[in-house]
Amino acid sequence: MKRVAILISGGGSNMVALAASMKGDHPARPVLVASNDPSATGLDRARMLGVPTAAVDHRPYGKDRAGFEDALMAHLILARPDIICLAGFMRVLTPRFVEAFKGRMLNIHPSLLPKYPGLHTHARAIAAGDAEAGCTVHEVTPELDAGPILGQAKIAVAAGETPESLAAKVLVMEHRLYPAVLRRFAEGERAPLYL
Ligand code: GRF
């Protein structure tokens, strides 16, 4: 049984979808939900799901990213995860942390990578006049939003689409894509899934 830790920063809707999917004959189970924000509402949702939680406020560490990561790592060492899922986690991780989980850390990004790494992905897709948008699950590597793609889901950009309307549609796709990719990943499948 693979042990999965999920890192969040906010509402944790992707975390809920992931945690709720890991049951029955699924080869993985959630063992920790950790946040860089102690007030993240996703922590309450994790507790309601019966998943152990941890919070390390990144603010006292200022620019000391390594110090924040050392505190986070202490919780991860106790949870002994086989896989880490970044789910709405809004901190950039140092190459040292990424290397510690090389080949077993996933992230979901709300664009069709390699298009639009970084922030404001929906506004950028609309501004570019793209006919479609979507989300990507990828392995996390030291370069931001650039690791091997494990899955993608596409959706048409409607006339008059706004970043908010597109984000809402893509989020529904995220909640389908991420659990499907995690299950395949936990089963050792690395070929990308396209929804
Ligand atoms: C989602 O758009 C996700 O793509 C991005 O963070 C946003 C919020 O995710 N990574 P969640 O509701 O906190 O899972």
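Criteria and thresholds
Residues numbered from 1 in each chain as written. Predicted model: local features only at pLDDT ≥ 70, side-chain atom pairs only at ≥ 80, totals over all residues. Heavy atoms only, no water. Domains from an automatic or database assignment. Contact = heavy atoms within 4.5 Å. Buried area = accessible area lost by both parts, 1.4 Å probe. Salt bridge = Lys/Arg side-chain N within 4 Å of Asp/Glu carboxyl O. Polar contact = N/O pair within 3.5 Å; in protein donor to acceptor, adjacent residues only side chain to side chain. Helix = DSSP H or I, 4+ residues; strand = E, 2+ residues; numbered from the N terminus. Buried < 20%, exposed > 50% of the residue type's maximum accessible area, 1.4 Å probe, protein only. Near = heavy atom within 4 Å. Areas by Shrake-Rupley, 256 points an atom, 1.4 Å probe, with all protein chains shown as cover. Nonpolar A, V, L, I, M, F, W, Y, C, P; charged D, E, K, R; others polar.

### Considering the domain arrangement of the protein
Parsing the protein into structural domains produces domain 1 (1-101) and domain 2 (108-195). Relative to domain 2, the C-alpha centre of domain 1 lies at a distance of 20 Å. Contact residues are listed per partner, giving 21 residues for domain 1 and 16 residues for domain 2. For the pair domain 1 and domain 2, the two sides together bury roughly 1,500 Å², of which 71% comes from carbon and sulfur. The interface formed by domain 1 and domain 2 includes one salt bridge. Taken together, the connections running from domain 1 to domain 2 amount to four residue pairs in polar contact (both at pLDDT 80 or more). Breaking the side of domain 1 that touches domain 2 down by element, the ones donating at least two residues are β1 (2-8), α1 (13-21), β4 (83-86) and α4 (95-100). Top contributing element to the side of domain 1 that touches domain 2 by residue count: α1, with five residues.

### Details of the pattern of salt bridges
A side chain with one charge may pair with a side chain of the opposite charge, provided their charged atoms come close. Inspection of the entire model under this criterion finds nine salt bridges. The partner of arginine 59 in a salt bridge is aspartate 57, with the nearest N and O atoms 2.9 Å apart. Of the residues examined, arginine 59 reaches a relative accessible area of 56% and is grouped as exposed. For glutamate 187, the salt bridge goes to arginine 183, with nearest N and O atoms at 3.1 Å. Residues participating in the shared-partner salt-bridge network are Asp25, Arg183 and Glu187.

### Examining the site of the ligand
Around the ligand, the neighbouring residues are Gly11, Gly12, Ser13, Asn14, Gly88, Ile108, Pro110, Leu171 and Glu174. In this structure, serine 13 approaches the ligand through a side-chain N or O atom, which is 2.6 Å from an oxygen atom. Measuring from an oxygen atom of the ligand, one finds a backbone N or O atom of asparagine 14 at 2.8 Å. Calculation on the ligand without its partners gives an accessible area of 370 Å², and the protein chains cover 78% of this total. Among the secondary structure elements, those contributing two or more residues to the shell around the ligand are α1 and α6 (163-186). When its residues are assigned to classes, the shell around the ligand shows three nonpolar, five polar and one charged. Two domains each put at least three residues into the shell around the ligand: domain 1 (1-101) and domain 2 (108-195).

### Observations regarding unusual backbone geometry
Put simply, leucine 113 and proline 114 share a cis peptide bond, and its omega is 10 degrees. As for its placement among the helices and strands, proline 114 is situated in the loop between β5 (105-109) and α5 (121-127). Its identity is not glycine, yet tyrosine 116 carries a phi of approximately 60 degrees, on the positive side. Summarising the element assignment, tyrosine 116 is placed in the loop between β5 and α5. Despite not being glycine, histidine 120 has its phi angle at roughly 50 degrees, a positive value. Relative to the elements of secondary structure, histidine 120 occurs in the loop between β5 and α5.

### What about the side chain of threonine 136?
On the secondary structure map, threonine 136 appears in strand β6 (residues 132-139). On the accessibility criterion, threonine 136 (0% relative accessible area) is buried. A distance of 2.6 Å separates the side chain of threonine 136 from the backbone oxygen of serine 111, its partner in a polar contact. Polar side-chain contacts of threonine 136 include one of 3.0 Å to the backbone nitrogen of leucine 113. If near-sequence neighbours (up to four positions away) are discounted, threonine 136 is found in contact with Asn107, Ile108, His109, Ser111, Leu112, Leu113, Ile149, Gly151, Gln152 and Leu177.

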